[in-house]
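Architecture at a glance
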Amino acid sequence: MKKLLPLFLFFLLISCQKSESNNENKEEPKALQEKSIDIGRFKGREDLVDDLYQELVNKSPELKTLEDELNEVNAKDTVSIFHHYDNKSINYYISAKSNTAGIRDSILKNKILNLIIKSSDKYDSKKADIESLVTTINKKRTEITNYHTALKIVLTLPLIEQYQNDHLPKKSPFEKVIEKENQLLEKVKQNTPSY
């Protein structure tokens with residue numbers, strides 16, 4: 001399974017790049033158009049990678065299917081089932097030890113503490129397999145997130161590079177401003193009395 005994900009992403013990337021090259025002459029992505037600036041975006045950080053990627057998803061059935069599949073697998077719900085279960089047991093053992101502190105008979109107190117420790121150890125053995133599965137789920141989720149981020153960047157880099165090529169400002173307006181500033185600087189210097 002681990003080897004299939006990069007292979008799937010590779011084929012997806014190639015198919016998306018082919019469709020991208022077919023669409024190169026089409027309109028510029030909305031996220032890169034000046035008129036698409038949303039006033040609400042100034043409140044937070046703009047994520048141009050996500051915006052551009054979402055436009056690709058809207059145009060690509062393969063990417064749409066991939067995003068749907070990514071959204072369907074809700075590992076957090078499954079993992080939270082275990083954490084809820086585990087927290088009950090952890091809270092019980094904490095509470096039991098706390099209650100044991102109130103026992104004044106030291107022999108009885110030690111017997112009860114040993115009983116709690118044995119039960120806690122037995123529980124640790126009982127949950128070990130599930131904990132291992134939860135760890136695997138979390139590692140896989142991290143790996144999927146990493147590859148998903150890489151996919152977004154690889155697919156959107158050509159879009160920003162095309163934008164950069166198409167919209168690089170001409171030098172002349174900047175040179176004119178510098179020339180005007182030089183003239184103004186000289187005038188300011190000429191009008192400044194000696195000091």
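Residues numbered from 1 in each chain as written. Predicted model: local features only at pLDDT ≥ 70, side-chain atom pairs only at ≥ 80, totals over all residues. Heavy atoms only, no water.

Observations concerning the overall build of the protein chain
- Each helix and strand in the protein chain was counted, giving 6 helices and 0 strands.
- N-terminal to C-terminal, the α/β element order of the protein chain is α-α-α-α-α-α.
- Considering only contacts within the protein chain whose residues lie at least 6 apart along the sequence, 72% involve residues at least 24 apart.
- For the protein chain, the accessible surface area stands at approximately 15,600 Å², while carbon and sulfur atoms represent 57% of it. (Helix = DSSP H or I, 4+ residues; strand = E, 2+ residues; numbered from the N terminus. Contact = heavy atoms within 4.5 Å. Areas by Shrake-Rupley, 256 points an atom, 1.4 Å probe, with all protein chains shown as cover.)

A look at the pattern of salt bridges
- Taken as a whole, this structure holds 6 salt bridges when the rule is applied.
- Ionic pairing is found between lysine 152 and aspartate 50, a salt bridge with its closest N-O pair at 2.8 Å. Of this pair, lysine 152 sits in helix H5 (residues 106-167) while aspartate 50 sits in helix H2 (residues 48-59), and the two are 102 residues apart along the sequence.
- Here aspartate 50 falls in the partly exposed class, since its relative accessible area comes to 31%.
- Measuring nitrogen to oxygen at the nearest pair gives 3.9 Å for the salt bridge that ties glutamate 143 to lysine 140. Taken as a pair, glutamate 143 and lysine 140 lie in helix H5 at a separation of 3 residues, close to a single helical turn.
- Here the residues in one salt-bridge network are Asp86, Asp124, Lys127 and Glu131, joined through shared partners. (Salt bridge = Lys/Arg side-chain N within 4 Å of Asp/Glu carboxyl O. Buried < 20%, exposed > 50% of the residue type's maximum accessible area, 1.4 Å probe, protein only.)

Overview of the nonpolar core
- Counting 11 residues, the largest nonpolar core is built from Ala31, Leu32, Leu52, Tyr53, Leu56, Val57, Leu63, Leu66, Leu151, Leu155 and Leu159.
- For this core, the elements supplying multiple residues, two or more each, are H2, helix H3 (61-72) and H5.
- Broken down by element, the residue count for this core peaks at 4 residues, all from H2. (Core = buried A, V, L, I, M, F, W, Y, C linked by side-chain atoms within 4.5 Å.)

Concerning the confidence of the model for the protein chain
- Taken over all residues, the pLDDT of the protein chain has a mean of 87, while the share at 70 or more is 81%.
- Mean pLDDT across the elements of the protein chain ranges from a minimum in helix H1 (residues 4-22), with 52, to a maximum in H5, with 97. (pLDDT = per-residue confidence, 0-100.)

Describing the packing of aromatic side chains
- Across all of its chains, the model carries 4 aromatic pairs by this definition.
- Arranged with centres 6.3 Å apart and planes meeting at 45°, the rings of phenylalanine 82 and tyrosine 85 form a pair that is tilted. Here the residue phenylalanine 82 and the residue tyrosine 85 both occupy positions in helix H4 (residues 75-100), the gap between them amounting to 3 residues, near one helical turn.
- A relative accessible area of 42% means that tyrosine 85 is categorised as partly exposed.
- For the pair tyrosine 85 and tyrosine 123, a centre-to-centre distance of 5.9 Å together with 55° between the ring planes defines the contact as tilted. Here tyrosine 85 is found in helix H4, whereas its partner tyrosine 123 is found in helix H5, with 38 residues between them in sequence.
- Grouped by ring-pair contacts, the aromatic residues Phe82, Tyr85, Tyr92, Tyr93 and Tyr123 constitute a single cluster. (Phe/Tyr/Trp six-rings, centres within 6.5 Å; stacked < 30°, edge-to-face > 60°.)

Describing the packing of H3 against H5
- One way to put it is that H3 packs onto H5 with a least axis distance of 13 Å and a crossing angle of 155°. Relative to H5, the element H3 lies roughly antiparallel. Crossing handedness for the pair H3 and H5: left-handed. Listed contacts from H5 to Leu63, Leu66, Glu67 and Leu70 of H3 are Arg141, Ile144, His148, Leu151 and Leu155.
- Tallied by class, the residues present in the contact of H3 with H5 amount to 6 nonpolar, 1 polar and 2 charged. (Axes fitted to C-alpha atoms, helices over the stretch in contact; angles between N-to-C directions. Parallel < 35°, antiparallel > 145°, perpendicular 65-115°, else oblique. Left-handed = near helix turned anticlockwise from the far one by under 90°. Nonpolar A, V, L, I, M, F, W, Y, C, P; charged D, E, K, R; others polar.)

Description of H5
- Most pronounced at alanine 128, the bend in H5 amounts to some 45°.
- Where H5 is concerned, the buried positions are Ile116, Ser120, Tyr123, Lys127, Val134, Glu143, His148, Leu151, Lys152, Leu155, Thr156 and Leu159.
- Sitting at the head of H5, aspartate 105 places a side-chain oxygen 3.1 Å from the backbone nitrogen of isoleucine 107. (Bend = angle between axes of the 7 residues up to and from the residue. Polar contact = N/O pair within 3.5 Å; in protein donor to acceptor, adjacent residues only side chain to side chain.)

A few points about the packing of H4 against H5
- Contact geometry for H4 and H5: axes closest at 10 Å, N-to-C directions at 165°. By the angle between their directions, the pair H4 and H5 is classed as roughly antiparallel. You can see that H4 and H5 cross each other, and the crossing is left-handed.

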